[in-house]
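Residue-level structural notes
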Amino acid sequence: MTDAVHIGPEPARGPDLQRLIAAVAQGDQEAFAALYDAVAGPVFGTVKKVLRDHAQSEEVAQEVLVEVWRTAPGYRPERGTVINWILTLAHRRTVDRVRSVESATVRDHRAALLERAPEFDEVSEVVEARFEREQLRRCLRSLSDIQRQSVTLAYYQGLTYREVAETLSTPLGTIKTRLRDGLIRLRDCLGVTA
């Protein structure tokens, strides 16, 4: 095979990206500036093809190049060229931005639908709550006085079983039994299934 023949001036060779990324991995800011100059255009072009919005494309391209600075030590030459690695980062970041924008749009749409949802019927809520309270009062009246006292102290006044036992001067085991039996009768009266 013969070497390629160039007509005209010798084509300009770009910087050695492999050498630059190795220096960037060591924290060399000048190497990063040179790498930035070499890849900023292709990164922006890759991002803009997907996003189409100039301002967002600039923002994402900037994020990609900051990521290159942070993750340069993670570059592995056996997995591909430097430019391919950087453009892969750009593509991934761009896809993430698209997904984020789509997700925000869906969230906003759902929020708008919720705002348009009719208010709940406050009157029916009040009537239903009143009915449930009356039903509970009726069921409490069906308990024995001892059970009703125990349940009232524990669940309406917030006393512990031990405090209920002390208040009623009754052994703790007896209070536990009264409460259990009272709650079972309330459950059955209210028609609650276990």
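Refer to the structure printed above.
Residues numbered from 1 in each chain as written. Predicted model: local features only at pLDDT ≥ 70, side-chain atom pairs only at ≥ 80, totals over all residues. Heavy atoms only, no water.

Scanning the protein chain from terminus to terminus reveals eight helices and zero strands. Whereas a compact globule of 194 residues would reach a radius of gyration of roughly 16 Å, the protein chain reaches 37 Å, over 25% beyond that. If you line up the protein chain on its principal axes, its C-alpha atoms span 110 × 45 × 35 Å. Counting all 194 residues of the protein chain, 22% fall into the buried class. In the protein chain, the share of contacts with a sequence separation of at least 24, taken over all contacts with a separation of at least 6, comes to 56%. As displayed, the protein chain has an accessible area near 14,000 Å², and 53% of this comes from carbon and sulfur atoms. Treating the 27 positive side-chain charges of the protein chain as one cloud and the 28 negative ones as another, the clouds have centres 9 Å apart. (Helix = DSSP H or I, 4+ residues; strand = E, 2+ residues; numbered from the N terminus. Rg over C-alpha atoms; globule rule 2.2 N^0.38 Å. Buried < 20%, exposed > 50% of the residue type's maximum accessible area, 1.4 Å probe, protein only. Contact = heavy atoms within 4.5 Å. Areas by Shrake-Rupley, 256 points an atom, 1.4 Å probe, with all protein chains shown as cover. Lys, Arg positive; Asp, Glu negative; His and termini not counted. Charge placed at Lys NZ, Arg CZ, Asp CG, Glu CD.)

Another point: the nonpolar core. Ranked by internal contacts, the top residues of the largest apolar core, which has 24 residues, are I21, L35, V43, V68 and I86. With seven residues, helix α2 (residues 29–51) is the single largest residue contributor to this core. Not counting chain neighbours up to four residues away, the residues in contact with I21 comprise L35, V68, A72, Y75, V82 and W85. If you look at the next biggest cluster of nonpolar residues, it comprises 11 residues, including C139, V151, L153 and I175. (Core = buried A, V, L, I, M, F, W, Y, C linked by side-chain atoms within 4.5 Å.)

With that settled, consider the packing of helix α5 (residues 122–141) against helix α6 (residues 145–156). One can describe the packing of α5 onto α6 by two numbers: an axis separation of 10 Å at closest approach and a directional angle of 140°. Judged by the angle between their axes, α5 and α6 are oblique. Along the contact surface, α5 presents L136, L140 and R141, while α6 presents R148, V151 and Y156. Taken together, the residues that form the contact of α5 with α6 break down as four nonpolar, no polar and two charged. (Axes fitted to C-alpha atoms, helices over the stretch in contact; angles between N-to-C directions. Parallel < 35°, antiparallel > 145°, perpendicular 65-115°, else oblique. Nonpolar A, V, L, I, M, F, W, Y, C, P; charged D, E, K, R; others polar.)

In this section: a nonpolar patch on the surface. Taken together, the side chains of Y155, Y156, Y161 and L183 make up a nonpolar region of the molecular surface, amounting to roughly 400 Å² of accessible area. Assignment of secondary structure puts Y161 in helix α7 (residues 161–167). (Patch = residues over 30% accessible without salt bridge, like charges linked within 9 Å, V, L, I, M, F, W, Y side chains within 5 Å. Salt bridge = Lys/Arg side-chain N within 4 Å of Asp/Glu carboxyl O.)

What follows covers the side chain of S57. You can see S57 is positioned in helix α3 (residues 54–71). Non-local contacts of S57, meaning those with residues more than four positions away in its chain, are made with F44, V47, K48, L51 and R52.

Attention now goes to the pattern of salt bridges. Going through the model one piece at a time under the given rule, you end up with nine salt bridges. Notably, a salt bridge pairs R97 with E63, separated by 2.9 Å at the nearest N-O pair. One end of the pair, R97, is in helix α4 (residues 82–116); the other, E63, is in helix α3, with 34 residues separating them in the sequence. Linked by salt bridges that have partners in common, E59, E63, E67, R93 and R97 make up one network.

Turning our attention to the side chain of S150. Along the polypeptide, S150 turns up in helix α6. Once you skip the residues sitting within four places of it in the chain, S150 turns out to touch V164, L168, I175, R178 and L179.

A word on α4. For α4, with 35 residues, the first-to-last C-alpha span of 51 Å sits near the 51 Å given by 1.5 Å per residue. Buried residues of α4: V82, W85, I86, L89, A90, T94 and R97, and no others. Those residues of α4 that are buried lie in contact with α1 (17–25), α2 and α3. (Expected span 1.5 Å × (residues − 1).)

So, about the state of the cysteines. For the structure shown, the criterion picks out one disulfide. The disulfide partner of C139 is C189, and the S-S distance across this bridge is 2.0 Å. Measuring handedness by torsion sign, the sulfur bridge of C139 and C189 sits at about -80° and is left-handed. With C139 in helix α5 and C189 in helix α8 (residues 172–190), the pair connects residues that are 50 residues apart, well separated along the chain. For C139, a relative accessible area of 0% corresponds to the buried category. Classification of C189 by relative accessible area gives partly exposed; the value is 25%. (Disulfide = S-S within 2.5 Å.)

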